[in-house]
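Listed below, chain by chain, are the residues.
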Amino acid sequence: QVQLVESGGGLVQAGGSLRLSCVVSGNIISGNSMGWYRQAPGNLGNQPELVAAITSAGITTYADFAKGRFAISRDNIKNTAYLQMNSLKPEDTAVYYCNFQQDLYTKWGQGTQVTVSS
């Protein structure tokens, strides 16, 4: 079993920055991947969309909208993943979910709200 604890969401003005954190605990092995997904208010009927992901080896993947503005990183000693979000836009408003994958196991966090005002 793995547990995820997210933090760092909140309200920010357009152009501002936020940093999300996701701490993983439990039965963790090497070769895993951590990522951030989001679900916007008008998109509740669909699956959360990928924002960024990073493997335990440090290989990163970004959605097109995140490239150049967001940066994902992780500290394998602290078992924590971070999402630094800069130049935020109102359309970035969403619930952001941390995701952890190892082998065939997937775990989702409870989500943290990010609201960007114009």
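The structure displayed is predicted, hence computed values, not measured ones.

(A) Spatial organisation of the nonpolar core. Trp 36, Val 51, Phe 70, Leu 83, Met 85 and Tyr 96 are the most contacted members of the largest nonpolar core, which totals 25 residues. Put simply, the parts of the chain that give this core at least two residues each are strand S1 (2-7), strand S3 (18-26), strand S4 (33-39), strand S5 (49-55), strand S7 (70-75), strand S8 (80-85), strand S9 (94-102) and strand S11 (112-117). Discounting chain neighbours no more than four positions away, the residues touching Val 51 are Trp 36, Tyr 37, Arg 38, Thr 61, Tyr 62, Ala 63, Phe 65, Ala 66, Phe 70, Leu 83 and Tyr 96.

(B) Highlighting the packing of aromatic side chains. Throughout the structure, instances matching the rule amount to three aromatic pairs. The interplanar angle of 85 degrees and the centroid separation of 6.5 Å between the aromatic rings of Phe 65 and Phe 70 together place this pair among those described as edge-to-face. A relative accessible area of 24% places Phe 65 in the partly exposed class. Centroid distance Tyr 97 to Trp 108: 6.5 Å. Interplanar angle 85 degrees. Geometry classified as edge-to-face. Separated by 11 residues along the polypeptide, Tyr 97 in strand S9 and Trp 108 in strand S10 (residues 105-108) bring together distant segments of the chain.

(C) Looking closely at the pairing of S1. In S1, alternate side chains face the same way, and those of Val 2, Leu 4 and Glu 6 are buried while those of Gln 3, Val 5 and Ser 7 on the opposite face are not. Pairing of S1 with S3, which is carried by six bridges, proceeds in the antiparallel orientation. Within the sheet, the bridge partner assigned to Gln 3 lies in S3 and is Ser 25.

(D) Region of the structure containing the state of the cysteines. Evaluation of the coordinates by the stated rule reveals one disulfide. One disulfide in the model links Cys 22 with Cys 98; its S-S distance is 2.1 Å. In this structure, the disulfide formed by Cys 22 and Cys 98 twists by about -85 degrees around the S-S bond and is classed as left-handed. With Cys 22 in strand S3 and Cys 98 in strand S9, this residue pair connects regions lying 76 residues apart in the sequence. In terms of burial, Cys 22 and Cys 98 fall into one category: buried.

Calculation rules
Residues numbered from 1 in each chain as written. Predicted model: local features only at pLDDT ≥ 70, side-chain atom pairs only at ≥ 80, totals over all residues. Heavy atoms only, no water. Core = buried A, V, L, I, M, F, W, Y, C linked by side-chain atoms within 4.5 Å. Buried < 20%, exposed > 50% of the residue type's maximum accessible area, 1.4 Å probe, protein only. Helix = DSSP H or I, 4+ residues; strand = E, 2+ residues; numbered from the N terminus. Contact = heavy atoms within 4.5 Å. Phe/Tyr/Trp six-rings, centres within 6.5 Å; stacked < 30°, edge-to-face > 60°. Pairing = 2+ DSSP bridges. Disulfide = S-S within 2.5 Å.

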